[in-house]
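Here are the chains, one letter per residue:
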Amino acid sequence: MKYYGLVLMGLLCFLAGFSQNSAVKPALENARMLMQQGDYDGAAAALQQVRQQAPLDLDLLKNLSYVYYLQRDFARSIETGKAAVATDSADQQTFQILG
């Protein structure tokens, strides 16, 4: 009985993480498209909206930090970069963003 409960709990955690990523991925693609077009305000707005749903998503935080950098809002860029570094999934690129 414990085994089935453990499997069910693992499956629910996996599905919760998957649904969160499925909401973030299209927003990231949209924000990257807006950045390429030079619409940094639109990209920041799109990323901020999704950040409310997934505040600890590493790719989201890295892209948001980069958009703030492109907008020359260095204080917000550093603040967002520090939030990205504080996540458990921070990688080498995350630390490089902060310099």
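Rules used throughout
Residues numbered from 1 in each chain as written. Predicted model: local features only at pLDDT ≥ 70, side-chain atom pairs only at ≥ 80, totals over all residues. Heavy atoms only, no water. Helix = DSSP H or I, 4+ residues; strand = E, 2+ residues; numbered from the N terminus. Buried < 20%, exposed > 50% of the residue type's maximum accessible area, 1.4 Å probe, protein only. Contact = heavy atoms within 4.5 Å. Areas by Shrake-Rupley, 256 points an atom, 1.4 Å probe, with all protein chains shown as cover. Axes fitted to C-alpha atoms, helices over the stretch in contact; angles between N-to-C directions. Parallel < 35°, antiparallel > 145°, perpendicular 65-115°, else oblique. Left-handed = near helix turned anticlockwise from the far one by under 90°. Salt bridge = Lys/Arg side-chain N within 4 Å of Asp/Glu carboxyl O. Nonpolar A, V, L, I, M, F, W, Y, C, P; charged D, E, K, R; others polar. Expected span 1.5 Å × (residues − 1). Arc of directions from axis to C-beta.

**Observations regarding the overall build of the protein**
Within the protein, the regular secondary structure consists of five helices and zero strands. Counted from the first residue to the last, the protein has its helices and strands arranged as α-α-α-α-α. Looking at the protein as a whole, 28% of its 99 residues are labelled buried. Restricting the contact set of the protein to residue pairs at least 6 apart, pairs at least 24 apart contribute 49%. For the protein, the accessible area works out to roughly 6,900 Å², and carbon and sulfur atoms hold 58% of it.

**A look at the side chain of Thr 80**
One can find Thr 80 in helix H4 (residues 74-85). When sequence neighbours within four positions are dropped, the list of residues in contact with Thr 80 reads Arg 51, Leu 61, Leu 64, Ser 65 and Tyr 68.

**Here we look at the packing of helix H3 (residues 58-70) against H4**
One way to put it is that H3 packs onto H4 with a least axis distance of 8 Å and a crossing angle of 165°. As far as their axial angle goes, H4 and H3 are roughly antiparallel. Our pair here, H3 against H4, has a crossing hand that is left-handed. Of the residues in H4, those touching H3 at Leu 58, Leu 61, Leu 64, Ser 65, Tyr 68 and Tyr 69 are Phe 74, Arg 76, Ser 77, Thr 80, Gly 81, Ala 83 and Ala 84.

**Some details on the pattern of salt bridges**
Considering all chains together, one arrives at two salt bridges under this definition. A salt bridge links Asp 91 to Lys 62; the shortest N-O distance between them is 3.4 Å. Taken together, the residues Asp 91 in the loop between H4 and helix H5 (92-97) and Lys 62 in helix H3 connect sequence positions 29 residues apart. Using a relative accessible area of 32% as the deciding quantity, one classes Asp 91 as partly exposed. Its salt-bridge partner being Arg 76, residue Asp 73 comes within 3.7 Å of it at the nearest N-O pair.

**Thoughts on the packing of helix H2 (residues 40-51) against H3**
Packed helices, taken two at a time, are described by the angle their axes make and the gap between the axes. The interhelical angle for the contact between H2 and H3, taken along N-to-C directions, is 150°, at an axis separation of 10 Å. Classified by the angle their axes make, H2 and H3 are roughly antiparallel. The two elements H2 and H3 meet at a crossing, and its hand is left-handed. Across from Tyr 40, Ala 43, Ala 44, Leu 47, Gln 48, Val 50 and Arg 51 in H2, the residues of H3 making contact are Leu 60, Leu 61, Asn 63, Leu 64, Val 67, Tyr 68 and Leu 70. Split into classes, the residues belonging to the contact of H2 with H3 amount to 11 nonpolar, two polar and one charged.

**Some details on H4**
Since there are 3.6 residues in each turn of an α-helix, residues three or four apart along the chain are aligned in direction. With 12 residues, H4 extends 16 Å between its outermost C-alpha atoms, agreeing within 8% with the 16 Å of an ideal straight helix rising 1.5 Å per residue. When we look at burial in H4, the residues that qualify are Ser 77, Thr 80, Gly 81 and Ala 84. The buried residues of H4 occupy one face: seen down the axis, they fall within an arc of 105°. Residues of H4 that are exposed and angled more than 90 degrees away from the buried face: Ala 75, Glu 79 and Lys 82. On its buried face, H4 sits against H2, H3 and H5.

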